[in-house]
Number of protein chains: 2
Amino acid sequence: MSKISTKPPSGMRDFLPADLVRRRAVIDVVVKAYEAHGFTPLETPAIENLSTLTGKYGEEGDQLMYRLLHRRDALRRPLEAAHAEGRPAREGELADQGLRYDLTVPLARVVAQYGQLPRFFKRYQIQPVWRADRPGRGRFREFYQCDVDIIGTESLVAEAEVCSAVASALVELGFEAFTVLINHRELLRAMIRAAGIDEALEGTALVAVDKLDKVGKQGVLTELEQRGIEAGSGAKLLDMITPPPGSGAVYNATLLSSLRERVDERGKAAIDELGTLMGLCAYNPAGDHLEFAPSLARGLGYYTGPIFEIRVPDFPSSVGGGGRYDNLVGMFGKQAIPAVGFSLGLERLIVVKDERGDFDELAIGPDLMLCWMDVDGGRVLELATKLRLAGLNVEVYPEKTKKLKKQLAYADAEGVKARFVGICGKQEIEDETLTVKHLASGEQVTLPVDAITPERLAAFVDQAVDQAGGGKPSGSTDEG
Amino acid sequence: MSKISTKPPSGMRDFLPADLVRRRAVIDVVVKAYEAHGFTPLETPAIENLSTLTGKYGEEGDQLMYRLLHRRDALRRPLEAAHAEGRPAREGELADQGLRYDLTVPLARVVAQYGQLPRFFKRYQIQPVWRADRPGRGRFREFYQCDVDIIGTESLVAEAEVCSAVASALVELGFEAFTVLINHRELLRAMIRAAGIDEALEGTALVAVDKLDKVGKQGVLTELEQRGIEAGSGAKLLDMITPPPGSGAVYNATLLSSLRERVDERGKAAIDELGTLMGLCAYNPAGDHLEFAPSLARGLGYYTGPIFEIRVPDFPSSVGGGGRYDNLVGMFGKQAIPAVGFSLGLERLIVVKDERGDFDELAIGPDLMLCWMDVDGGRVLELATKLRLAGLNVEVYPEKTKKLKKQLAYADAEGVKARFVGICGKQEIEDETLTVKHLASGEQVTLPVDAITPERLAAFVDQAVDQAGGGKPSGSTDEG
């Protein structure tokens, strides 16, 4: 048979046990922080109707979306119809479902669908999303988002709570120096108006502003001009969105009040909202990390109010973002329902923590590997069953062999790394005992099988370490 | 805007918080059982190359597979080329990736790809798979499988261990009366030969046999004839695969030895393997549940040795299955590596447990909902932060309102169901106290904020229950 590539598709990853132990350690912390904030879990299908997905993420989003090819007759019909009409088939005829692109649009669909949800629906969702983007460091085509959202209220308490949940997760993950950049979509619009830019060009101006980080001031100016915005207006806008650097509560307040004088009533209202939000966060985990960033635009089309983005020192781009999106649920043709959310990008957090060595201590091996010789396999599996019922994770060397050394070497091999080996021979089966060896210290002890529990083994390790520390000779001790 | 359907696509499901709490309860038990058996976790991408997926599941599998439509130029090119050639485009030109159809083929790819895996790779994998099948009770188009596999050994200890892991999960989930049907692909083949059926028809005969449960004896006979198998041979085969009913170790042994006389050497070797396997399982959690089922065929093409299937009394079809597949890893064009695995179907287990009422006691609400009035929101969020740091899951009523009653009613509403409410007013903020009310009993107490911990609240509930049991008048008690 010809050799098939066994790599995962480009931009996709296999998570081997050592990877997954790391991912789960991070996810567990995030779940705990989100649940501490009163969020409950939601999961939605990977596959959504294209009518749900398209038109929500802007043109780029629609292009990066994975679509599912129709099957059988549903595929044959449009292909043959196009042929009969003497034209190539069109993309839109070949698919009506796709993979979810984020977790927010599926949430909006869920909220529109289920009448029985609580009036203030606080959900978290940690699932993969798919985007056919160009892969890069910390950027994949399948990646996990960790979202918290509060649906059903316009109160800024909701903004403060999602910021708190995300900040709390970051603190628990050991990110001390993160920044939560905040801005307001209505303030951005007001600044665009104040710069004398035509309302019709507002959307295109936002796209240009969003690139400030990547292309710099001059780049944005050029792009604004290319998008039909007069140079004077572009310069005026840039002046407003690129204040002198600084940070802290006083800086935030000063900056907000200086901008307040340059924008119209709607802009002032947005600035007041940001001030209120900062007040609400003053004593929550986000408080010290908030930084007003007038150039922050957030690419996604659906935001309507305050917007957020997380930066950490070790990573060049954002590790999370969010904001208020009061019109998205209404786009499903039912009642409009206000909403605000925040999403943490799991992958980037893991990249940073990995590079820091935060995961170096995580173990994947079983508590105990049973090595055996000269006994019936059924009795070994009976012994394994007893030890498992006592609470131990037990692996059994799967093959019958006389070579104990080979079994011991395997128990300590890379990717296996059992904490203990249990050596089971004829005598042990007869006596209902087991000789247990701690691989790291080399200490071993023979115990009655009934006495072997996680606690007993932990105590044995403590004792072995004490002995080593006390300078006593290391060696085997017998009990039982 | 026109009304878009907000239902998930056909055969797909949204899992609301109450659903997810149930699913997670089941998954946690399965993970614990699998880890107790020394299995380590693996996850693979949803998307695989079609070269990985196709040709592994038989014709039906290939038809039920979801394919991902090419994008942009990769789509335009074949559509235009087909048009230029004056023919409809072909399916194979429009996609080269698809969604995984099971977890076994991705595992085989992983094993072929990564040289650093342990020699005996014991992995578990709990992830969704996608099949465009007709939806039905407990049958969905997106559903979770819970797989355990041992790669790298031909030892029957591996079979015994995957059976043990799955049986142990079922026992822990409260399924007492399940059956693990076992058979052997080589025995099936030997019976087909013994019936005088041409080797060339072996595959098609297996497909017919696999339908015994659905279509009955007469149905299989008819189908065998339709597939070109002579009536006498068909009857002979059916006689072997449909023994008189019975169960237990003696029945298994008797049946195996009576079949032993009717098959050739390869068949006898397979029977010996089944006998050995039953011996290995004699004292593990699977032992009492094993039942030899000579008609068991398992649809998937890749099995080569012992095969298994799980039945529970409350569900008409299998809730899990597996077997040995020694050739699958080799299909990736590298070294052939023996393997055996077992897969539990999460969805069906959940359906059965749900119908039994096993989940009725599971709670989703926060520990405490903070209701507040006449105080600054920032101080309420500060209080929430303190309580969260003390270990409580805390929800804050998100809107400012003078109506305490409304807040209390919401805390107890369907889908919210906080265990406690904390009532926070001016006085409480000043005194750094909180009045906490247990919603189920109506008991309340005022405590210093620093004293409010999960343990303190649990003790308070115990006390309230004791008081109620002791006939003492229920009412508020004040502390602190």
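Residues numbered from 1 in each chain as written. Chains lettered and ligands numbered in written order. Predicted model: local features only at pLDDT ≥ 70, side-chain atom pairs only at ≥ 80, totals over all residues. Heavy atoms only, no water.

### What to know about helix H15 (residues 377-389) of chain B
Residues and elements named next belong to chain B. Where we set the bar: Put simply, DSSP H or I for four residues or longer makes a helix, DSSP E for two residues or longer makes a strand, and each gets a number counted from the N terminus. Multiply 1.5 Å by the residue count of a helix minus one, and that product is the helix's expected span. The rule is simple: take the accessible area with a 1.4 Å probe, protein chains only, and divide by the maximum for that residue type; under 20% is buried, over 50% is exposed, in between is partly exposed.
When the terminal C-alpha atoms of H15 are compared, their 18 Å separation across 13 residues agrees well with the 18 Å that a helix rising 1.5 Å per residue should span. Counting buried residues along H15, 10 of its 13 residues qualify, which places the element largely inside the surrounding structure. Among the residues making up H15, those that are buried are Gly377, Gly378, Val380, Leu381, Glu382, Leu383, Ala384, Thr385, Leu387 and Arg388.

### Digging into the interface of chain A and chain B
What counts is decided by this rule: It only takes one pair of heavy atoms within 4.5 Å for two residues to be counted as in contact. Throughout, the accessible surface (probe 1.4 Å) given up by two parts as they are put together, summed over both, is called the buried area. The term salt bridge refers to a side-chain nitrogen of Lys or Arg lying within 4 Å of a carboxyl oxygen of Asp or Glu.
Contacts between the two partners involve 113 residues from chain A, matched on the other side by 113 residues from chain B. The largest contributions to the chain A side of the interface with chain B come from Thr6(A), Glu43(A) and Arg71(A), which together make up 7% of the buried area. Summed over the shared surface of chain A and chain B, the result is eight salt bridges. Here Arg24(B) and Glu43(A) are joined by a salt bridge, their closest N and O atoms 3.9 Å apart.

### Observations concerning the confidence of the model for chain A
Just so we agree on the cut-off: For every residue, the pLDDT score states the predictor's confidence, bounded by 0 at the bottom and 100 at the top.
Of all residues in chain A, 96% attain a pLDDT of 70 or more, and the chain-wide mean is 91. Here residues 470-480 of chain A scores under 50 on pLDDT; set against residues more than four positions off or in separate chains, the count is 17 contacts.

### Considering the pairing of strand E10 (residues 320-324) of chain B
The two faces of the sheet receive side chains in turn, since in a regular strand these alternate between them. Residues and elements named next belong to chain B. Put simply, the rule is: Two strands are said to pair when DSSP picks up at least two bridges between them.
Of all the five residues making up E10, five are buried; the element is thus mostly covered by neighbouring parts of the structure. On E10, burial covers both faces: Gly320, Gly322 and Arg324 on one face and Gly321 and Gly323 on the other are all buried. Looking at chain direction, E10 and strand E11 (residues 339-345) are connected through five bridges and run antiparallel. In the strand pairing of E11, Gly322 is matched with Phe342.

### Side note on the packing of helix H12 (residues 249-260) of chain B against helix H13 (residues 265-280) of chain B
Geometrically, a packed helix pair is captured by the angle between its two axes and the distance between the axes. Residues and elements named next belong to chain B. Short version of the rule: Axis definition: a line fitted to C-alpha atoms, over the contacting stretch in the case of helices. Angles run 0 to 180 degrees between N-to-C directions. Each angle is binned into one of four classes, with values under 35 degrees roughly parallel, values over 145 roughly antiparallel, values of 65 to 115 roughly perpendicular, and all other values oblique. Crossing handedness follows the turn of the near helix against the far one: under a right angle anticlockwise gives a left-handed crossing, and clockwise gives a right-handed one.
H13 packs onto H12 with a crossing angle of 165° between their chain directions and a minimal axis gap of 10 Å. When the interaxial angle is binned, H12 and H13 end up roughly antiparallel. Seen from above, H12 lies across H13 with left-handed handedness. Along the contact surface, H12 presents Asn252, Leu256, Leu259 and Arg260, while H13 presents Lys268, Ile271, Asp272, Leu274, Gly275 and Met278.

### Section: the domain arrangement of chain A
Selection rule: An automatic or database domain assignment provides the domain bounds reported here.
Split by domain assignment, chain A resolves into domain 1 (17-65 + 101-355) and domain 2 (368-469). Distance from the C-alpha centre of domain 1 of chain A to the C-alpha centre of domain 2 of chain A: 52 Å.

### As for the sheet that holds strand E15 (residues 433-438) of chain A
In a beta sheet, neighbouring strands pair by backbone hydrogen bonds and run either parallel or antiparallel. All names here are of chain A. The strand order E13-E12-E14-E15-E16 describes an open sheet built from five strands, whose pairing is mixed. A strand with exactly one partner marks an edge of an open sheet, and here the two such strands are strand E13 (394-396) and strand E16 (444-448). Between one strand axis and the next, the sheet turns through 30° on average, direction left out of account. Looking at chain direction, strand E12 (residues 368-372) and strand E14 (residues 420-424) are connected through five bridges and run parallel.

### With respect to the nonpolar core
Going by this rule: Take the buried residues of types Ala, Val, Leu, Ile, Met, Phe, Trp, Tyr and Cys, join any two whose side-chain atoms come within 4.5 Å, and each joined set is a nonpolar core.
Grouped together as the largest cluster of nonpolar side chains are 297 residues, with contacts concentrated most on Tyr34(A), Leu94(A), Leu370(A), Tyr34(B), Leu94(B) and Leu370(B). If we skip the residues at most four places from it in the chain, Leu94(B) touches Leu69(A), Leu75(A), Leu79(A), Leu94(A), Leu68(B), Leu69(B), His70(B), Leu75(B), Pro78(B), Leu79(B) and Ala89(B).

### A look at the environment of Glu142(B)
The condition is simple: Whenever a nitrogen or oxygen atom comes within 3.5 Å of another N or O atom, the pair is scored as a polar contact, on the condition that within protein one atom can donate a hydrogen and the other can accept it, and that pairs from neighbouring residues in sequence are kept only if both atoms are in side chains.
Topologically, Glu142(B) is positioned in strand E6 (residues 142-151). Residues Glu142(B) and Pro88(B), spaced 54 residues apart in sequence, show a C-alpha to C-alpha distance of 31 Å. The residues contacting Glu142(B), other than those within four sequence positions of it, are Thr44(A), Pro45(A), Ala46(A), Gly11(B), Met12(B), Arg13(B), Pro128(B), Val129(B) and Trp130(B). Separated by 2.8 Å, the side chain of Glu142(B) and the backbone nitrogen of Ala46(A) make a polar contact.

### Section: the packing of aromatic side chains
Stated formally: Pairing of aromatic rings covers Phe, Tyr and the six-membered ring of Trp, with a centre-to-centre limit of 6.5 Å; geometry is then stacked below 30 degrees between planes, edge-to-face above 60, and tilted otherwise. The rule is short: NZ of Lys or CZ of Arg within 6 Å of the ring centre and within 35 degrees of the ring normal puts a charge over the ring.
Using the criterion set out here, one finds 18 aromatic pairs over all chains in the structure. These aromatic residues form a ring-pair network of at least three members: Tyr57(A), Tyr101(A), Tyr302(A), Tyr303(A) and Tyr325(A). Over the ring of Phe15(B) we find Arg23(B), and its NZ or CZ is 3.8 Å from the ring centre. Between the NZ or CZ atom of Arg71(B) and the centre of the ring of Tyr66(A), over which it lies, the distance is 5.7 Å.

### A look at the relation of the copies chain A and chain B
Cut-off, in case you're wondering: To superpose the copies, least squares is applied to the C-alpha atoms of every residue with a pLDDT of at least 70 in both.
Overlaying chain A with chain B gives an RMSD of 0.0 Å, the required rotation being 180° about an axis along which the chain moves by 0.0 Å. Look at the turn and shift together and you get a two-fold axis relating the two. Taken together, the interface assignments show that 100% of the residues at the interface of chain A recur at the interface of chain B, consistent with an identical surface on both copies.

### Structural notes on the packing of helix H9 (residues 202-209) of chain A against helix H10 (residues 212-226) of chain A
Residue and element names in this part refer to chain A. Put simply, the test is: Note on residue categories: nonpolar means Ala, Val, Leu, Ile, Met, Phe, Trp, Tyr, Cys or Pro, charged means Asp, Glu, Lys or Arg, and polar means any other residue, Gly included.
Interhelical geometry of H9 versus H10 gives an angle of 140° and a closest axis separation of 8 Å. In this view, H9 runs oblique relative to H10, as classed from their interaxial angle. On H10, the residues touching Ala205, Ala208 and Val209 of H9 are Leu212, Val220, Glu223 and Leu224. When its residues are assigned to classes, the contact of H9 with H10 shows six nonpolar, no polar and one charged.

### Things to note about unusual backbone geometry
Residues and elements named next belong to chain B. The backbone of Arg72 sits at a positive phi, close to 45°, despite the residue not being glycine. Using a relative accessible area of 43% as the deciding quantity, one classes Arg72 as partly exposed. The phi dihedral of Glu432 is positive, around 55°, even though this residue is not glycine. Mapping Glu432 onto the fold places it in the loop between helix H17 (426-431) and strand E15 (433-438). Take Glu432: its relative accessible area is 48%, and that puts it in the partly exposed class.

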